[in-house]
Amino acid sequence: MKNIETLVEKINGGNNSSFKSLYGNDPAILHKQAVRYTGILNKYRSTFQNEEVELFSSPGRTEIGGNHTDHNHGRVLAGAVNLDNIAVASGNNSNTISILSIGYPQFDVDLSELKPNKEEFFSSASIVRGICARMKELGYSIGGFNAVIDGEVPKGSGLSSSASFEVLIGTILSCLFNESKLDPITIAVIGQYAENNYFGKPCGLMDQTACAVGGFITIDFEDPSMPVVKKVDFDFISTGFALVITDTGGNHADLNDEYASLPIEMKSVATALGATVLREVSLAQIVEAIPALRDKTGDRAILRAYHFQGDNQRVVEQVESLEKNNFRSFLSMVNESGYSSYMYNQNIFPVNNIKEQGISLALALSEMVLKGRGAWRVHGGGFAGTIQAFVPQDLLPEYISILEHVFGKGACKKLFIRDKGSVRVEL
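Computed from a predicted model, the values in this text were never measured in an experiment. (Residues numbered from 1 in each chain as written. Predicted model: local features only at pLDDT ≥ 70, side-chain atom pairs only at ≥ 80, totals over all residues. Heavy atoms only, no water.)

Undergrad: Just give me the short version of the overall build of the protein chain, but keep the residues and values in it.
TA: The secondary structure content of the protein chain amounts to 13 helices and 13 strands. Taking 2.2 N^0.38 as the reference for a compact globule, 427 residues should give roughly 22 Å; the C-alpha atoms of the protein chain span a radius of gyration of 22 Å, in line with that estimate. Sorting the 427 residues of the protein chain into buried and exposed places 53% on the buried side. When contacts within the protein chain are restricted to residue pairs at least 6 apart in sequence, those whose partners lie at least 24 apart make up 73%. A total of about 18,000 Å² of accessible surface is found on the protein chain, and carbon and sulfur atoms cover 51% of it. (Helix = DSSP H or I, 4+ residues; strand = E, 2+ residues; numbered from the N terminus. Rg over C-alpha atoms; globule rule 2.2 N^0.38 Å. Buried < 20%, exposed > 50% of the residue type's maximum accessible area, 1.4 Å probe, protein only. Contact = heavy atoms within 4.5 Å. Areas by Shrake-Rupley, 256 points an atom, 1.4 Å probe, with all protein chains shown as cover.)

Undergrad: Please set out the environment of D70 residue by residue, giving values where relevant.
TA: Position of D70 among the secondary structure elements: in the loop between β2 (52–65) and β3 (75–91). In sequence terms D70 and N353 are 283 residues apart; their C-alpha atoms lie 27 Å from each other.

Undergrad: Help me get a handle on the environment of L262, residues and values and all.
TA: Checked against the element boundaries, L262 lands in helix α8 (residues 256–272). For the pair L262 and A163, spaced 99 residues apart in sequence, the C-alpha to C-alpha distance is 22 Å.

Undergrad: Describe in detail a nonpolar patch on the surface, supporting the description with residues and values.
TA: On the surface, L283, V287 and Y306 cluster together into a nonpolar patch covering about 250 Å² of accessible area. Among the secondary structure elements, L283 is positioned in helix α9 (residues 283–297). Of the residues examined, L283 reaches a relative accessible area of 34% and is grouped as partly exposed. (Patch = residues over 30% accessible without salt bridge, like charges linked within 9 Å, V, L, I, M, F, W, Y side chains within 5 Å. Salt bridge = Lys/Arg side-chain N within 4 Å of Asp/Glu carboxyl O.)

Undergrad: Quick rundown of the nonpolar core? Include the residues and the values.
TA: Counting residues in each nonpolar core, the largest one holds 46 residues, and the members touching the most others are I97, I99, V128, I131, F145, I169 and I172. At nine residues, the largest contribution of residues to this core is made by helix α5 (residues 161–178). The next biggest cluster of nonpolar side chains, apart from the first, holds 25 residues, and it includes L77, F216, L331 and L415. (Core = buried A, V, L, I, M, F, W, Y, C linked by side-chain atoms within 4.5 Å.)

Undergrad: Residue-level account of the sheet that holds strand β12 (residues 412–415), with values.
TA: Ordered by their spatial adjacency, four strands build an open sheet running β10-β11-β9-β12, and the pairing between neighbours is antiparallel. Looking at which strands have only one partner, the edges of the open sheet turn out to be β10 (375–378) and β12. Each strand of the sheet is rotated relative to its neighbour by a mean of 20°, with strand direction disregarded. With four bridges connecting them, β10 and strand β11 (residues 386–392) associate as antiparallel partners. Paired with R377 across the two strands is Q388, which belongs to β11. Contacts from helix α11 (residues 327–345) reach β9 (241–247), β10 and β11 within the one sheet, and its direction differs from that of β10 by about 30°. Contacts from helix α13 (residues 396–407) reach β9, β11 and β12, with the element oriented near 0° to β9. (Pairing = 2+ DSSP bridges. Axes fitted to C-alpha atoms, helices over the stretch in contact; angles between N-to-C directions.)

Undergrad: Break down the packing of aromatic side chains for me, with residues and values.
TA: Considering all chains together, one arrives at 19 aromatic pairs under this definition. Both rings, one in F327 and one in F330, keep their centres 5.4 Å apart while their planes meet at 25°; by these two values the pair is stacked. Of the two residues, F327 and F330 are both situated in helix α11; the distance of three residues between them amounts to about one turn of the helix. Of the two residues, F327 and F330, neither departs from the other in class, the shared state being buried. Lying across the ring of Y193, R134 places its NZ or CZ 4.7 Å from the centre. (Phe/Tyr/Trp six-rings, centres within 6.5 Å; stacked < 30°, edge-to-face > 60°. Lys NZ or Arg CZ within 6 Å of the ring centre and 35° of its normal.)

Undergrad: Residues and numbers for the pattern of salt bridges, please.
TA: Side chains bearing opposite charge may pair, as long as their charged atoms lie close to each other. Under the counting rule described, the total for this entry stands at 28 salt bridges. Across the pair R36 and D150 runs a salt bridge, and its minimum N-O distance is 2.6 Å. With R36 in helix α3 (residues 27–48) and D150 in strand β6 (residues 145–151), the pair connects residues that are 114 residues apart, well separated along the chain. For the pair shown, R36 and D150 are each scored as buried. One salt bridge connects D394 with R373, and the closest N-O pair in it is separated by 2.8 Å. Pair noted here: D394 is in the loop between β11 and α13 and R373 is in the loop between α12 (358–370) and β10, with a separation of 21 residues, a long-range link. Shared partners join several salt bridges into a network, and the residues in it are K32, R36, D84, D150, E152 and R418.

Undergrad: With reference to specific residues and values, describe the packing of α8 against α9.
TA: Viewed as axis vectors pointing N to C, α8 and α9 meet at an angle of 115°, and their least axial separation amounts to 10 Å. Of the possible angle classes, the one that applies to α8 and α9 is roughly perpendicular. For the element pair α8 and α9, the recorded crossing hand is right-handed. Contacts between α8 and α9 pair S268, V269 and A272 from the former with I286, L293, K296 and T297 from the latter. Looking at the contact of α8 with α9 residue by residue, the classes come out as four nonpolar, two polar and one charged. (Parallel < 35°, antiparallel > 145°, perpendicular 65-115°, else oblique. Left-handed = near helix turned anticlockwise from the far one by under 90°. Nonpolar A, V, L, I, M, F, W, Y, C, P; charged D, E, K, R; others polar.)

Written out as structure tokens, the structure is:
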């Protein structure tokens, strides 16, 4: 445990190696983070009257390759970003976890009751309870603690604020009660379990894994019960590019059917070919069967299956390019993935609202500014929400100016891929 006053001194206005590894070298950003950390340390002191604490940081994540491939046991490429959730926490020698997230009411979780509660679904308390329940089942220690959390991973941004929160809680419990023995993958799997069984939302493992591990990672879901996770050794900051996520707005209501249609249609092609998921069939098999498939599944399902095959293989090639330090080739494949999502996967705008095409418009503007220099694609689930672009530094002001001219000031978030996942912050 560290003394709050000592931590404030070591923060040193942001001029410390720990902050630079998490947030980069921009003095203005480092100063902003120093103010942020000092603020939650003081908030913790005034809320819980305790001076001995630990600091934690858990990043958001961005999907980079493999758009809608995971649900058919495919491959994905993802990265941890420098927008994060941070926490000040300390054990409280009780059987209760008390959490104050800045901007939200404080809540408590009684560890004597760890069963799922449907009335608690879709709440932060359900996530905390589920993580504790699963850790206890797996033989790890749990206990009461107090925490103040400050989140900079925007909800609804496609950067996985929920997964970041989940692995943050897992990291706190690992540090406070298990001598930091839980590895990142275990923390991610426990977070996924809590989201599926206690929060009430089915999800894959990509988000939690990217947040927990950090850097670029590739995940192969051929066997979803034992996904193969590999960290990709690549220094993104040295490229001179920024990763920009743009929120195009749009109405997320009534999109459940659109999202559900993607795995359903992909799997319908697999079923018609005698398989369960598309990972079990080849592109050649699909092409050979197209005449018969058109009546059975419809053309859109075939096109989505074609997208799956292309994006699943593209992940392998993207990883190879990064490992060979061939960033130009990597960017080319980001664009290929984007075009495939638009033309074949067709998750850029909802078919029942063709007048609202914010993602399409943002992609067109991105091509206008970046053609020949950068890369752009839909980000995450699609239909509404965010796009992703890799922007060279000299084009960054123009790119942000044009996108924010259309989608509003603050719509663009300039990010980088951070190497560290969810960690205890050592100052």
